[in-house]
Structures are given as structure tokens and as C-alpha cells.
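# Observations on the model geometry
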Amino acid sequence: PWIKFWADYSEKTTQVVHRYFKEQKKLVEPKLFHALPNDFLKQSALFLGNSMPIRNAESFFCPEEPIGPIFANRGLSGIDGNIATAIGIAAGIEKPVVAILGDLSFLHDINSLAQLMHSPFPVSFLVINNNGGSIFASLPLNKSKSSILPILQNSHNLALHQIAPLFNLSYVNPQSLSEFADSLKKIESTSCLIEVQTESEDYLKIHEEIVT
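The rules behind these values
Residues numbered from 1 in each chain as written. Predicted model: local features only at pLDDT ≥ 70, side-chain atom pairs only at ≥ 80, totals over all residues. Heavy atoms only, no water. Helix = DSSP H or I, 4+ residues; strand = E, 2+ residues; numbered from the N terminus. Buried < 20%, exposed > 50% of the residue type's maximum accessible area, 1.4 Å probe, protein only. Contact = heavy atoms within 4.5 Å. Expected span 1.5 Å × (residues − 1). Arc of directions from axis to C-beta. Patch = residues over 30% accessible without salt bridge, like charges linked within 9 Å, V, L, I, M, F, W, Y side chains within 5 Å. Areas by Shrake-Rupley, 256 points an atom, 1.4 Å probe, with all protein chains shown as cover. Salt bridge = Lys/Arg side-chain N within 4 Å of Asp/Glu carboxyl O. Pairing = 2+ DSSP bridges. Right-handed = clockwise from strand over helix to strand, strands pointing away.

### Considerations on the overall build of the protein chain
Looking only at helices and strands, the protein chain has ten helices and six strands in total. For the protein chain, buried positions account for 44% of its 212 residues. When contacts within the protein chain are restricted to residue pairs at least 6 apart in sequence, long-range pairs at least 24 apart make up 75% of them.

Below, the structure is given as C-alpha cells:
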């Protein structure tokens, strides 16, 4: 009975998420995960970065059929070496990897992009740039949020497109859901950087609306 209860609850939740995002046309962070197509992940492994990517995937990624393998770094040190980890996974399993990272995790390890020159398997980096650590906006800071968030979020205002040519990466900056879908169709053959710019406040708003 316990298994059946959670299976039924999971199915109902998935239906609610599907209905919500069917109406959501804006290029927002949670929608990116819901829009990940099954077919492009059949030939690639998926690496989920720490902080918001793995939380968004857990909440909003609802594949219609089994995919995998899926990897992630665990623990409080999850921000360390995300790029190096993804490249190492590609070498270890001998297949392409799609790595979804936050902007701070990506910036923290950009020197590891040099390893791509020695990788026979492409790694595509989907970087969600919300200009800082949006996970802290979900903390119960309440009245003190306006004074504490600037310290915690670590806004950087950096242009990630300048990183791509330094490491011979192709670069895409989709501005709509259709452009995002098109960019995913081209990422298996060569390593690339896909930067999607979002607003950190969108996650909390969407999460609250779906729960309601």
C-alpha cells in the first residue's frame, strides 16, 4: 500500500506540473528542466550541478520514459569541480555528457574547461545564469532578506560568452523556449556552452503557484 500511495501521488503531481508548464511560455528556470526532451538524453549522460539545478530537476524534470545515467556531486562541497567532474564522467563512460550548472558553480571551475582539449567525448554545459546564488532567496530570511541577500548571493555581473572562445567552445544564448529547444538539438556532436539568463525570483514564485 505504501508503494502504491507514492506512485499514485507522483503521477498526480506530474500531471499538475505538466498542466502548469503547458501554460507557462516564459523562459524561466523551472521551465528549462520541464522542457528537457527525452530524445536528446538517450545518447548522452546527464550531470546535475549542485544548489538549484538538482533541486529544479527533482521538482520539475518529468521524463516520459526512462533515461540515464544521471550523475551529481554530493555533499556540502558540491560546488567544487563540477566542470572537471562532467568531463571525467564523459571519459569514464565513453559517451557525451550534458551538464546543467548554475553560474557560480561554472565560474568556480572554469579552468577545468581546458581538459576538453583532451576529451574525445563532447561535454555540453547548460549554464543557468541568474547572477548569483539564487538558492539563498529560498531561505526563511523574511524581514532581513534585503540586507542579507546581497552578501549571500554573490552577484558577479560577468559576461559568460567571453569564456567560450578562450576554450574553443561554441556558444548559444537562447532568448525563448523555441531557441532553447533548437540549441539542445545541436549539442551532441561537439562541446558547447549554452547560457540561459533567468531571474532568481522566478523559482520561488513558480514553486508556490504549483503547490497552490
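Next, the rest of the story.
### Let's talk about helix α1 (residues 2–23)
Look at α1: 33 Å from first C-alpha to last across 22 residues, which is about the 32 Å you get at 1.5 Å a residue. Regarding α1, the residues found buried are Val17, Tyr20 and Phe21. With its buried residues spanning 85° around the axis, α1 presents them on a single face. Opposite the buried face of α1, at more than 90 degrees from it, the exposed residues are Lys4, Lys12, Arg19, Lys22 and Glu23.

### What to know about a nonpolar patch on the surface
Together, Trp2, Ile3, Phe5, Trp6 and Tyr9 make up a nonpolar patch on the protein surface, roughly 660 Å² of accessible area in all. With relative accessibility at 45%, the residue Trp6 sits in the partly exposed group.

### A closer look at helix α9 (residues 177–184)
Buried residues of α9: Leu177, Phe180, Ser183 and Leu184, and no others. Considered in projection along α9, the buried side chains sweep an arc of 120° and stay on one side of the axis.

### Remarks on the pairing of strand β4 (residues 123–129)
Extensive coverage of β4 is indicated by the burial of seven of its seven residues. As judged from the six bridges shared by strand β3 (residues 97–102) and β4, these two strands associate in the parallel manner. From the neighbouring strand, Ile100 faces β4, where its bridge partner is Leu126. Read as a crossover between parallel neighbours, the route from β3 over helix α6 (residues 103–108) to β4 is right-handed. Both β4 and strand β6 (residues 192–197) contribute to a ladder of six bridges, which runs parallel. From the neighbouring strand, Asn129 faces β6, where its bridge partner is Gln197.

### Here we look at the pattern of salt bridges
Taken as a whole, this structure holds two salt bridges when the rule is applied. As a salt-bridge pair, Asp8 and Lys4 come within 2.8 Å of each other at their nearest N and O atoms. Taken together, the positions of Asp8 and Lys4, both in helix α1 and four residues apart, correspond to about one turn of that helix. Since its relative accessible area comes to 55%, Lys4 is described here as exposed.

None of the figures reported here should be taken as evidence of function without further support.
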